[in-house]
Amino acid sequence: MISRNPQLNRTGELQHLLTTEGLPATILLEILDTAESFVGVTERDVKKIPLLRGKSVFNLFFEPSTRTLTTFEIAAKRLSADVHNLNVAVSSQSKGETLLDTVNNLSAMDADMFVVRHLQSGAAHLIASHVQPDIHVINAGDGRHAHPTQALLDMFTIRRYKQDFRNLRVAIVGDILHSRVARSEIHALTTLGVPEVRVIAPKTLLPAKVERLGVHVYHDMVKGLKGVDVLMMLRLQNERMQGANLPSPEEYFKYYGLTQEKLSLAQPDAIVMHPGPLNRGVEIDSAVADGKQSVILSQVTFGIAVRMAVMSILAGN
Amino acid sequence: MISRNPQLNRTGELQHLLTTEGLPATILLEILDTAESFVGVTERDVKKIPLLRGKSVFNLFFEPSTRTLTTFEIAAKRLSADVHNLNVAVSSQSKGETLLDTVNNLSAMDADMFVVRHLQSGAAHLIASHVQPDIHVINAGDGRHAHPTQALLDMFTIRRYKQDFRNLRVAIVGDILHSRVARSEIHALTTLGVPEVRVIAPKTLLPAKVERLGVHVYHDMVKGLKGVDVLMMLRLQNERMQGANLPSPEEYFKYYGLTQEKLSLAQPDAIVMHPGPLNRGVEIDSAVADGKQSVILSQVTFGIAVRMAVMSILAGN
Amino acid sequence: MISRNPQLNRTGELQHLLTTEGLPATILLEILDTAESFVGVTERDVKKIPLLRGKSVFNLFFEPSTRTLTTFEIAAKRLSADVHNLNVAVSSQSKGETLLDTVNNLSAMDADMFVVRHLQSGAAHLIASHVQPDIHVINAGDGRHAHPTQALLDMFTIRRYKQDFRNLRVAIVGDILHSRVARSEIHALTTLGVPEVRVIAPKTLLPAKVERLGVHVYHDMVKGLKGVDVLMMLRLQNERMQGANLPSPEEYFKYYGLTQEKLSLAQPDAIVMHPGPLNRGVEIDSAVADGKQSVILSQVTFGIAVRMAVMSILAGN
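The rules behind the values
Residues numbered from 1 in each chain as written. Chains lettered and ligands numbered in written order. Predicted model: local features only at pLDDT ≥ 70, side-chain atom pairs only at ≥ 80, totals over all residues. Pairing = 2+ DSSP bridges. Helix = DSSP H or I, 4+ residues; strand = E, 2+ residues; numbered from the N terminus. Axes fitted to C-alpha atoms, helices over the stretch in contact; angles between N-to-C directions. Left-handed = near helix turned anticlockwise from the far one by under 90°. Contact = placed C-beta atoms within 7 Å. Nonpolar A, V, L, I, M, F, W, Y, C, P; charged D, E, K, R; others polar. Least-squares fit on C-alpha atoms with pLDDT ≥ 70 in both. Parallel < 35°, antiparallel > 145°, perpendicular 65-115°, else oblique. Core = buried A, V, L, I, M, F, W, Y, C linked by C-beta atoms within 7 Å. Buried ≥ 20, exposed ≤ 12 C-beta atoms within 10 Å, placed from the backbone.

A. Structural view of the sheet that holds strand E1 (residues 56-61) of chain B. All names here are of chain B. Reading across from one edge, E2-E1-E3-E4 is the order of the four strands in this open sheet, with parallel pairing throughout. With partners counted over all chains shown, the strands left at the sheet margins are strand E2 (82-87) and strand E4 (136-142), one partner each. If you compare each strand with its neighbour and ignore which way they point, the axes differ by 15 degrees on average. In this sheet, strand E3 (residues 113-118) lies alongside E1 in parallel orientation, the contact comprising five bridges. Bridge pairing in E3 links phenylalanine 58 to phenylalanine 114.

B. Layout of the packing of helix H5 (residues 148-162) of chain B against helix H11 (residues 296-316) of chain B. Residues and elements named next belong to chain B. Contact geometry for H5 and H11: axes closest at 8 Å, N-to-C directions at 115 degrees. In the packing of H5 onto H11, the handedness of the crossing is right-handed. Residues Thr149, Leu152, Leu153, Asp154, Phe156 and Thr157 of H5 lie in contact with H11, whose contacting residues are Ser298, Gln299, Phe302, Gly303, Val306, Arg307 and Val310. Class assignment of the residues belonging to the contact of H5 with H11 gives a composition of six nonpolar, five polar and two charged.

C. Geometry of the relation of the copies chain C and chain B. For the pair chain C and chain B, the superposition axis carries a translation of 0.1 Å, the fit reaches an RMSD of 0.0 Å, and the rotation angle comes to 120 degrees. Taken together, the rotation and translation relating the two chain copies correspond to the operation of a three-fold axis.

D. Examining the packing of helix H5 (residues 148-162) of chain A against helix H6 (residues 180-191) of chain A more closely. Residue and element names in this part refer to chain A. Interhelical geometry of H5 versus H6 gives an angle of 50 degrees and a closest axis separation of 8 Å. With respect to each other, H5 and H6 are oriented oblique. In this structure, the crossing between H5 and H6 has a hand that is right-handed. Contacts between H5 and H6 involve Pro148, Gln150, Ala151, Leu152, Asp154 and Met155 from the former and Val181, Ser184, Glu185 and Ala188 from the latter. Looking at side-chain class alone, the contact of H5 with H6 contains six nonpolar, two polar and two charged residues.

E. Region of interest: the interface of chain C and chain B. Contacts between the two partners involve 21 residues from chain C and, on the opposite side, 17 residues from chain B. Elements that contribute at least two residues to the side of chain C that touches chain B include exactly helix H1 (25-43), helix H2 (66-78) and helix H11 (296-316) of chain C. In terms of residue count, H2(C) provides more of the side of chain C that touches chain B than any other element does, seven residues in total. Of the residues in the side of chain C that touches chain B, the class split is seven nonpolar, seven polar and seven charged.

F. Here's a closer look at the nonpolar core. Core analysis: the largest hydrophobic core is formed by 315 residues, its most contacted members being A:Val173, A:Leu231, B:Val173, B:Leu231, C:Val173 and C:Leu231. Every residue in contact with A:Val173, bar those within four places of it in the chain, is listed here: A:Ile200, A:Ala201, A:Leu231, A:Met232, A:Met233, A:Leu234, A:Tyr256 and A:Leu258.

G. Local environment of helix H3 (residues 99-108) of chain B. Across the 10 residues of H3(B), eight count as buried, placing the element largely inside the fold. Looking only at H3(B), the buried set comprises B:Asp101, B:Thr102, B:Val103, B:Asn104, B:Asn105, B:Leu106, B:Ser107 and B:Ala108. Close packing links the buried residues of H3(B) with E1 and helix H4 (123-128) of chain B together with H11 of chain C. Looking one or two residues past H3(B), B:Asp110 carries a phi angle of roughly 65 degrees, positive in sign.

This is the structure:
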């Protein structure tokens, strides 16, 4: 018996968005194409369309993240949905209710969509495997596992600036080991046909056998950045510093922080990306973050359109 | 001079919903009948009707409860109201403003409805006695006193499954002493004509002279559950354990936890209810909570419709 | 080169509302006149007009204030805007993101308006000087500097009760030193032509050289209140007590608390104002706060209309 992709329904359409791993290129491209039309909406005077009118979207954040929560809230409201933000960390969970009881209760309130953020890898999958077929789940980040909407908005940004995925060199720089963003980006890039994906990091910040994901490993910025078209910088969480045997943020910046000098090793028209929030002076120099090759704020803008696309596609399936 | 029922206006219509005590059966039934029409709305594709459009509903939660807050927020938004959630515990109160000053201020902002949750019994009554006649107050739980919308959704659930109140045996099981839910349920059940209401609890979890409420007292599940049509389980707050001379949750479960075995003492078609959140393995076994006699998730669904009914009736009076 | 007023756009219209200082009387009056029409809206059955439909308003509160936040949220929702509340104190800032990075990110999400509250004077100015020309900033209180919407609602209230600014004696009583409200009121009153503005406070609660703002200084309520038409009481923050060499709230009340007796020194038709929340028995006696000369709750009502006016004027410019 073939185990069905838990993200697709019986007719092969997107039922949940849990990870970019295993999603066919056709679906990734459907999301990017749909998002194109929403970029226009967010630039209009009345930034609202009635696609999700009367739908109840629940932001279930078991891990606090105002920033990501806000992007989903904006996307849902611009689609005219009713949005309910539940900071679950401080509510029912503290009364001892299980994750699935919480989800069952909200489902019984006729929820249409759950946007789930959780410290534990697999939380969104667990919820998706449990809900009725008329409910859709979006993974907004689970543990070290996946952050598919971030990866999708990154793909959207790359396509906007570079048009074709099939002749690009892309480097992902920084804490690959702990990054759900990196993992989701790698899957999306390879599926969309990027011929060369590099990861650049100290050994201590790389997962074992990372090459199996189809990437080329570099420990040195000078070699790794040579000739790349796209630089995807990762945020360095301070608490990771020690495990990585890094004595200080200054030390990290010296070897892996992106400066104008290091950037000059890449293609002259290379773009610089970062998922935010920025650690200026740690993984990226301010001159680069605010420089003319940076597309960091475009990522934010496109993030709303991509999340609107995901929500509207799910609601229609 | 006859003291007027503070919940009714001069023409005998519902002005505030503060408690099920003293509410005539006609009004309880009006709420249940109105809720029937809203069950359909919550199942529709566009779960929204404009009955409260342009009205300002304030959720005034002096005691945190994400779960109850969410149900009222959903109900109000599905009626198209503007909803404002005020976690008052952490705001003006800490600046030394009195309860009534807070209410006066929000009233001056042209509030239409207050949904009030408070640790102290009587808080919602105090507010209701104070506001102008065009403002409506709903008690969402005050101290040990009352939780009328929970009782009403329970009545709705019972009527859906058992049709007629007038030939039922109902047992309420657990911490009656500290439960505003139990108190509100007992008043509603007796008003609606249930001929036999039983309470089953250890002596330490029963109020003095509870028989005066018109209930039959049992300390033993085996005797108390015999022949009942409806089992209403109560949540056991862990902090109550000590006062009840209960050495452990396991001990409580042994005597008062609902298992499939104990449930078999009731009528074969008896339904099992619980206000949530569940303490699995304390007051109820998972096999029962998730079993085919459980209507616990239906309670949640009907809870939205009942709260929509209360809000729309109040707004129309 | 003349430094342009940062609150006005190139054609002299209101671009941001940051402070009442330096705002021409024509603009102050435009806001008051526009607010008149919104008083009617808040009294209607459907308290909603579509002026800001599809606009994204962000309440950026770096300092918690449920009360002020709620007034802006109500105003924005009654104008049909999509409102996003960001308690920034507990989010990105704690991840080390700078104020301007936060603002850049939200701007990239196509924000239309920021309502900013910050502990530091000048925060709203900094943001306003930074955003693109299609984004509007409203200062909802910055440090000790300014609180312009409070001053404007106070002006609106005075005009409603006293019609003409040009023959009034107004006294501001209390902690002038730490009060952004007092500062914003003084600028608005003098611009609108009030011929005599008095401040009444102990020396320790007055800024150095306060006379330069065009006010008359009194340390004694008996002399200061004589013949005034409007009394604007200020809230005494408990933490200021010590710096003011005041041994206790009782002591402060004795000298500067407004009682019915002291009030009788003013004009018989004088009105009593307070920005709230009240410290009953500290800066004001309950008999006065709830008495027939008090217009404190009218201030609250007019506050919604004035904030709607500011938002709708900004959105139109």
